[in-house]
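If you want the building blocks of each chain, they are given just below.
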Amino acid sequence: MSTGTAATGGTAPARLPGVLRLGLSRGWLEIRAFAREWEGIVFTFALPSLILILFAVVFDGMFDTAMPAVDYYLPGLVAMGLMSVSFQNLGTEIAIERDHEGLRRLRGTPMPPGAYFAGKTVLVAFLALGQLVLMLGVGALFFDARLPSDPASWATVAWVFVLGTVACSLLGVATSSLARSAQAASAVVVVPFLVLQFVSGVFVPVTALPDWVLYVASLFPLLWMAQGMRAAFYPDVMAAFEPSGAWDLHMVALALGAWCVVGLVLTLLTFRWKTRKDG
């Protein structure tokens, strides 16, 4: 005598695809949606490269160290670009999705929550790699920028890229929960990011910043990302212009690793599928 579905005359329920497969599909959907918005491409993806072009042209020959402007600004702008596609992009987009009840509808579907975050991971990885390639390509092809010259320097670029992007992504997801509406997302996310750019050694040399400003900036990942990228791109003699007179890569790794842990904890504690007004 048959048992199971044969005994009842029914059919076995179809198995849902796994989290990884759903996450990859969701990631492809996220990439396509991002590519359709030209404003997002320009202001989130292409803006750091546009700033690099402007600085390379306007400030060329203005440094006493005889370092070309493109070489001086490239590491910091790479760090800024990575934070842009992770922290700023996720912080604003997730807040908008939550306010428009997109997250609430997704939570009501059979899709596991992990697939949503996997999709965001795919999007950020795609944008971060594209951002890095674009910045290096613009600097090298149009301005003959100095790129890392040995495997150790490229390895530094790689681990700063990974730790910095992960830390900023988690911080962006957590920060998105602070915005009460889509309109508030810009103030909550973009304004702090803009301030950090000026106090983290991206636009202004760290040696020109007051000690208390450096202390505040050191509490956030962008300063450490920029310092790690400078260690990879700059010649060794430039370490003398760092606040401690050295690259301190162990401190860079420790700070970014700590932010990965802190960002994960904050995300787990604060992430919401509904707006606050929905309870």
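Being a predicted model, the structure only gives us computed values, none of them experimental.

Cut-offs used in this document
- Residues numbered from 1 in each chain as written.
- Predicted model: local features only at pLDDT ≥ 70, side-chain atom pairs only at ≥ 80, totals over all residues.
- Heavy atoms only, no water.
- Helix = DSSP H or I, 4+ residues; strand = E, 2+ residues; numbered from the N terminus.
- Buried < 20%, exposed > 50% of the residue type's maximum accessible area, 1.4 Å probe, protein only.
- Contact = heavy atoms within 4.5 Å.
- Areas by Shrake-Rupley, 256 points an atom, 1.4 Å probe, with all protein chains shown as cover.
- Lys, Arg positive; Asp, Glu negative; His and termini not counted.
- Charge placed at Lys NZ, Arg CZ, Asp CG, Glu CD.
- Axes fitted to C-alpha atoms, helices over the stretch in contact; angles between N-to-C directions.
- Parallel < 35°, antiparallel > 145°, perpendicular 65-115°, else oblique.
- Left-handed = near helix turned anticlockwise from the far one by under 90°.
- Nonpolar A, V, L, I, M, F, W, Y, C, P; charged D, E, K, R; others polar.
- Salt bridge = Lys/Arg side-chain N within 4 Å of Asp/Glu carboxyl O.
- Phe/Tyr/Trp six-rings, centres within 6.5 Å; stacked < 30°, edge-to-face > 60°.
- Lys NZ or Arg CZ within 6 Å of the ring centre and 35° of its normal.
- Patch = residues over 30% accessible without salt bridge, like charges linked within 9 Å, V, L, I, M, F, W, Y side chains within 5 Å.
- Core = buried A, V, L, I, M, F, W, Y, C linked by side-chain atoms within 4.5 Å.
- pLDDT = per-residue confidence, 0-100.

**Overview of the overall build of the chain**
Then, in step 1: Looking only at helices and strands, the chain has eleven helices and zero strands in total.
Then, in step 2: Based on the C-alpha atoms only, the size of the chain along its principal axes is roughly 85 × 40 × 35 Å.
Then, in step 3: The proportion of buried residues among the 279 residues of the chain is 46%.
Then, in step 4: The contacts in the chain between residues at least 6 apart in sequence include a share of 79% that link residues at least 24 apart.
Then, in step 5: Total accessible area on the chain is roughly 14,200 Å²; 69% of this is exposed by carbon and sulfur atoms.
Then, in step 6: Computed over 17 positive and 17 negative side-chain charges, the inter-centroid distance for the chain is 20 Å.

**Description of the packing of helix α2 (residues 19-36) against helix α6 (residues 113-143)**
Then, in step 1: At a closest axis distance of 7 Å, the pairing of α2 and α6 adopts a crossing angle of 50°. In terms of their interaxial angle, α2 and α6 are classed as oblique. For the crossing formed where α2 meets α6, the hand is right-handed. Listed contacts from α6 to V19, L22, G23, L24, R26, G27, E30, I31 and F34 of α2 are G114, A115, Y116, A118, G119, K120, V122, L123, F126 and L127.
Then, in step 2: Taken together, the residues of the contact of α2 with α6 break down into twelve nonpolar, four polar and three charged.

**Here's the deal with the pattern of salt bridges**
Then, in step 1: Inspection of every chain in the model, using the stated rule, returns five salt bridges.
Then, in step 2: Among the ionic pairs, E30 bridges to R26, the shortest N-O distance being 3.3 Å. Of the two residues, E30 and R26 are both situated in helix α2; the distance of four residues between them amounts to about one turn of the helix.
Then, in step 3: A relative accessible area of 16% places R26 in the buried class.
Then, in step 4: Residues R104 and E101 are paired through a salt bridge, measuring 4.0 Å at the closest nitrogen-oxygen approach.
Then, in step 5: With relative accessibility at 37%, the residue R104 sits in the partly exposed group.
Then, in step 6: Each of the salt bridges in this network shares a partner with another, and the network as a whole consists of R26, E30, E97 and K120.

**Regarding the packing of aromatic side chains**
Then, in step 1: Applying the stated criterion to the full structure yields 15 aromatic pairs.
Then, in step 2: Summarising the aromatic geometry, the rings of F271 and W273 are spaced 5.1 Å apart at their centres and angled 90° between planes, so their arrangement reads as edge-to-face. The same class applies to F271 as to W273, namely buried.
Then, in step 3: Through a chain of ring-to-ring contacts, the aromatic side chains of F55, F59, Y72, Y73, F198, F203, Y234 and W247 assemble into a single cluster.
Then, in step 4: Seen from the ring of F271, R98 lies directly overhead, with NZ or CZ sitting 5.3 Å from the centre.

**Observations regarding a nonpolar patch on the surface**
Then, in step 1: On the surface, F43, L47, L50, I53, V57 and V58 cluster together into a nonpolar patch covering about 530 Å² of accessible area.
Then, in step 2: Among the secondary structure elements, V58 is positioned in helix α3 (residues 38-58).

**Structural notes on the nonpolar core**
Then, in step 1: Counting 64 residues, the largest nonpolar core has L74, L77, M229 and F233 as its most contacted members.
Then, in step 2: Ranked by the residues each element gives to this core, the list is headed by helix α4 (residues 69-99), at 13 residues.
Then, in step 3: Here L77 is in contact with P48, I51, L52, M135, V202 and F203, once residues within four sequence places are set aside.
Then, in step 4: Listed in part, the eleven residues of the second largest apolar core include I94, M111, A115 and W273.

**What about the confidence of the model for the chain?**
Then, in step 1: On average, residues of the chain score 87 in pLDDT, and 91% of them reach the 70 mark or higher.
Then, in step 2: Mean pLDDT per element in the chain: helix α1 (residues 5-8) is the minimum at 48, and helix α10 (residues 221-233) is the maximum at 97.
Then, in step 3: For the stretch residues 1-8, pLDDT sits under 50, and the model shows four contacts to residues farther than four places along the chain or on other chains.

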